[in-house]
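Structural description and commentary
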2 protein chains.
Amino acid sequence: MSKIRNSEETKERILCAAQSLFAQRGFEAVSLREITAEAEANVAAVNYHFGGKDALIDAVIVRHMMPVMTERMKLLAVAQQRADESDGVIPVVETLDAFMRPFLMVMNESGENKALFAKFCGRIMSDVGSNLPAEAVEQFSIMVQKFTQALSQALPHVGQQELMWRLHFSFGVMAHTLMHGERLVEVTKGACGEPDFETTLKRMIDYCIGGLEA
Amino acid sequence: MSKIRNSEETKERILCAAQSLFAQRGFEAVSLREITAEAEANVAAVNYHFGGKDALIDAVIVRHMMPVMTERMKLLAVAQQRADESDGVIPVVETLDAFMRPFLMVMNESGENKALFAKFCGRIMSDVGSNLPAEAVEQFSIMVQKFTQALSQALPHVGQQELMWRLHFSFGVMAHTLMHGERLVEVTKGACGEPDFETTLKRMIDYCIGGLEA
DNA sequence: AAGAGAATGAAACAGATGTTTCACTAAATC
DNA sequence: GATTTAGTGAAACATCTGTTTCATTCTCTT
């Protein structure tokens, strides 16, 4: 227990390989043998450590979405604290930042392949139906509620229903950009400028502010 | 040649069944046997008429995306004609309408299962990587160029690069809404209002106008 | 150092997948 | 009406899928 057991390493290697491949080609399209080949592990290891492919998918999702969720809540709490010193209302720009920035942060932490992580996050939001692990669904539901409430206070002239739709649209902006950001570069042959993450974040926030306040 | 041959019927039946199933579960997850079962055709028929599964996917995409593309171009041309009678600049709202409405139109024409068609369109935009049939890619590229140009004239204060990104974001709004519109209803337990297509279109357009003009 | 338990590796499993084959039927052409 | 072609149906094909088995190796505890 005191030392890192070897098994934990291979578990980690499988998770990394799986995430990388899932990001590139989707959950269904990647086989266990491809994953274990890249992870330099045996096919049986997946079933031994996780219980099966579906369980591996859930593990990968939970493993890499949870930090984003908690980071979001943390940033929103900080913004709330800051707002409480004035009128108690969080500016839209800060709410959106709390919502979108965590991807950047976790990405930067995960080093190496940032674009791949972004793609993976976007894929989770688009690819998975209602098959998300229960653990993630609950956390997600709570988060949506918190952020809707914050936006509602900052945008009192926007009706509740309208706001829900606009938040949904903002989700779409983020998901699509994460997954297909590089495609824009391809299509425009680089005329859209270099896809710097911080700049892209600012662009997304500005756009969504415009949409939310419309 | 004068009469509709029987083979064309089964070809059509396969296309319909494939579209329906692809929309619900994605391209990779649906097997040929499921498709031919629903189409009441033989497994060999797919390879005989299309040449294989990949070719079938391409056929389904081309078959149902082309009307949308051409309809978009038509609506934009009409708006251009209308604009030429005044200052020659197409209002943003009309450009966005020309961009998004065709989905509604083709959906309404295709009768029966509108939500399924919407989901399929959204899936094409999200699911497929750069594996789109060449025919569609070219048409798509031309369309993007035309619409960027139209928006550029209406929004001279927005730089070219910025505009490309914002158009990309608008794409995301549409794709995400088409694919996951019903999920919003689930998550909010119906509190977001009933998902009427015309209303949703207006909501999307309003949101995107706000974002584009930000 | 020895033994118990965890982790691995290679092979085999049953099932599903896309594709092909070939005998057969329907339709079009002469 | 006979002949050639287009289209269909059922079965077999090889391959790949996720999963399981079991003997072996490694790691930790005593």
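Residues numbered from 1 in each chain as written. Chains lettered and ligands numbered in written order. Predicted model: local features only at pLDDT ≥ 70, side-chain atom pairs only at ≥ 80, totals over all residues. Heavy atoms only, no water.

Our next topic: the interface of chain A and chain B. The partner chain B presents 43 residues to the 43 residues of chain A that form the contact. Summed over both sides, the interface of chain A with chain B buries roughly 3900 Å², with 62% coming from carbon and sulfur. Contact with chain B buries surface across chain A, with Trp 165, Phe 169 and Tyr 207 of chain A losing the most and accounting together for 21% of the total. Counting across the chain A and chain B interface gives two salt bridges. Between Glu 162 of chain B and Arg 203 of chain A there is a salt bridge, and its shortest N-O distance comes to 3.1 Å. Between the two partners, chain A and chain B, sit nine residue pairs in polar contact (both at pLDDT 80 or more). Taken together, the elements giving at least two residues each to the side of chain A that touches chain B come down to α6 (114–127), α8 (160–187) and α9 (197–213) of chain A. No other element matches the 20 residues that α8 of chain A contributes to the side of chain A that touches chain B. (Contact = heavy atoms within 4.5 Å. Buried area = accessible area lost by both parts, 1.4 Å probe. Salt bridge = Lys/Arg side-chain N within 4 Å of Asp/Glu carboxyl O. Polar contact = N/O pair within 3.5 Å; in protein donor to acceptor, adjacent residues only side chain to side chain. Helix = DSSP H or I, 4+ residues; strand = E, 2+ residues; numbered from the N terminus.)

Our next topic: the relation of the copies chain A and chain B. Between chain A and chain B, which share one sequence, the superposing operator has a rotation angle of 179 degrees and an axial displacement of 0.0 Å; the RMSD is 0.2 Å. Here the symmetry operator amounts to a two-fold rotation axis. A shared interface surface links the copies, since 100% of the contact residues of chain A are contact residues in chain B too. (Least-squares fit on C-alpha atoms with pLDDT ≥ 70 in both.)

A few words on the packing of helix α4 (residues 53–84) of chain B against helix α5 (residues 92–109) of chain B. Residues and elements named next belong to chain B. Where α4 contacts α5, the axes come no closer than 8 Å and their chain directions differ by 145 degrees. For the pair α4 and α5, the crossing hand works out as right-handed. Across the interface between the two elements, Pro 67, Val 68, Glu 71, Arg 72, Leu 75, Leu 76, Ala 79 and Arg 82 of α4 pack against Glu 94, Thr 95, Asp 97, Ala 98, Phe 99, Arg 101, Pro 102, Phe 103, Met 105 and Val 106 of α5. Split by residue class, the contact of α4 with α5 holds eleven nonpolar, one polar and six charged. (Axes fitted to C-alpha atoms, helices over the stretch in contact; angles between N-to-C directions. Left-handed = near helix turned anticlockwise from the far one by under 90°. Nonpolar A, V, L, I, M, F, W, Y, C, P; charged D, E, K, R; others polar.)

Let's shift gears to the environment of Leu 201 of chain B. Residues and elements named next belong to chain B. By secondary structure assignment, the location of Leu 201 is in helix α9 (residues 197–213). In this structure, the C-alpha to C-alpha distance between Leu 201 and Leu 96, residues 105 residues apart in sequence, is 9.8 Å. When neighbours within four sequence positions are excluded, Leu 201 is seen to be in contact with Asp 97, Met 100, Arg 101 and Leu 104.

Residues and elements named next belong to chain A. A positive phi angle, near 55 degrees, is found at Glu 40, a position not held by glycine. Looking at the secondary structure, you find Glu 40 in the loop between α2 (32–39) and α3 (43–49). In this structure Glu 40 comes out as exposed when scored by relative accessible area, which is 69%. (Buried < 20%, exposed > 50% of the residue type's maximum accessible area, 1.4 Å probe, protein only.)

We now examine helix α4 (residues 53–84) of chain A. Here α4 of chain A spans 46 Å end to end across 32 residues, near enough to the 46 Å set by a 1.5 Å rise per residue. Roughly 30 degrees is the biggest bend found in α4 of chain A, and it falls at Met 65 of chain A, with proline Pro 67 of chain A one to four residues downstream. (Expected span 1.5 Å × (residues − 1). Bend = angle between axes of the 7 residues up to and from the residue.)

Turning our eyes to something else, we now look at the packing of aromatic side chains. Both the distance between ring centres and the angle between the ring planes are used here to describe each pair of aromatic rings. Residues and elements named next belong to chain B. Enumeration over the complete set of coordinates arrives at 15 aromatic pairs over all chains. When the ring of Phe 140 is compared with that of Phe 171, the centres are 5.4 Å apart and the planes differ by 65 degrees; the resulting orientation is edge-to-face. Remark: Phe 171 occurs in helix α8 (residues 160–187) and Phe 140 occurs in helix α7 (residues 134–154); sequence separation between them is 31 residues. Relative accessible area serves as the criterion here: at 23%, Phe 140 is assigned to the partly exposed category. What makes Phe 171 buried here is its relative accessible area of 8%. (Phe/Tyr/Trp six-rings, centres within 6.5 Å; stacked < 30°, edge-to-face > 60°.)

Residue and element names in this part refer to chain B. Running from N to C, α5 and α9 point in directions that differ by 150 degrees, and their axes come no closer than 10 Å. Here α5 is positioned roughly antiparallel relative to α9, judged by the angle of their axes. The handedness of the crossing between α5 and α9 comes out as right-handed. Where α5 approaches α9, its residues Val 92, Val 93, Leu 96, Asp 97, Met 100, Arg 101, Leu 104 and Met 107 are matched on the opposing element by Phe 197, Glu 198, Leu 201, Met 204, Ile 205, Cys 208, Ile 209, Leu 212 and Glu 213. (Parallel < 35°, antiparallel > 145°, perpendicular 65-115°, else oblique.)

On to the confidence of the model for chain A, then. Put simply, chain A has an average pLDDT of 89, and 95% of its residues get 70 or more. α2 of chain A holds the highest mean pLDDT among the elements of chain A, 97, whereas α6 of chain A holds the lowest, 81. (pLDDT = per-residue confidence, 0-100.)

With that out of the way, let us pick up a negative patch on the surface. Taken together, Glu 28 and Asp 54 of chain A together with Glu 28 and Asp 54 of chain B make up a surface patch of like negative charges. Take Asp 54 of chain A: it is sitting in helix α4. Judged by relative accessible area, which is 58%, Asp 54 of chain A ranks as exposed. (Patch = residues over 30% accessible without salt bridge, like charges linked within 9 Å, V, L, I, M, F, W, Y side chains within 5 Å. Areas by Shrake-Rupley, 256 points an atom, 1.4 Å probe, with all protein chains shown as cover. Lys, Arg positive; Asp, Glu negative; His and termini not counted. Charge placed at Lys NZ, Arg CZ, Asp CG, Glu CD.)

Attention now goes to the side chain of His 168 of chain B. Mapped onto the elements of the fold, His 168 of chain B is located in helix α8. Taking relative accessible area as the criterion, His 168 of chain B reaches 8% and is therefore assigned buried. The contact partners of His 168 of chain B, leaving out residues within four places of it in the chain, are His 176, Thr 177, His 180, Gly 181 and Leu 184 of chain A.

Our focus in this paragraph is the nonpolar core. With 113 residues, the main nonpolar core has Phe 22, Ile 35, Leu 56, Phe 103 and Tyr 207 of chain A together with Phe 103 and Tyr 207 of chain B as its most contacted residues. Ala 17, Phe 22, Val 30 and Leu 56 of chain B belong to the second largest nonpolar core, which has 23 residues in total. (Core = buried A, V, L, I, M, F, W, Y, C linked by side-chain atoms within 4.5 Å.)

So, about the pattern of salt bridges. Applying the stated criterion to the full structure yields 20 salt bridges over all chains. In this structure, Glu 34 of chain B and Arg 25 of chain B form a salt bridge, with 3.0 Å as the shortest nitrogen-oxygen distance. On the basis of relative accessibility, which here comes to 37%, the residue Arg 25 of chain B falls in the partly exposed class. For Asp 97 of chain B, the salt bridge identified is with Arg 101 of chain B, shortest N-O distance 2.9 Å. Taken together, the positions of Asp 97 of chain B and Arg 101 of chain B, both in helix α5 and four residues apart, correspond to about one turn of that helix. Judged by relative accessible area, Arg 101 of chain B falls into the partly exposed class, the value being 23%. Beyond isolated ion pairs, a larger network of salt bridges with shared partners links Asp 97, Arg 101 and Glu 198 of chain A.

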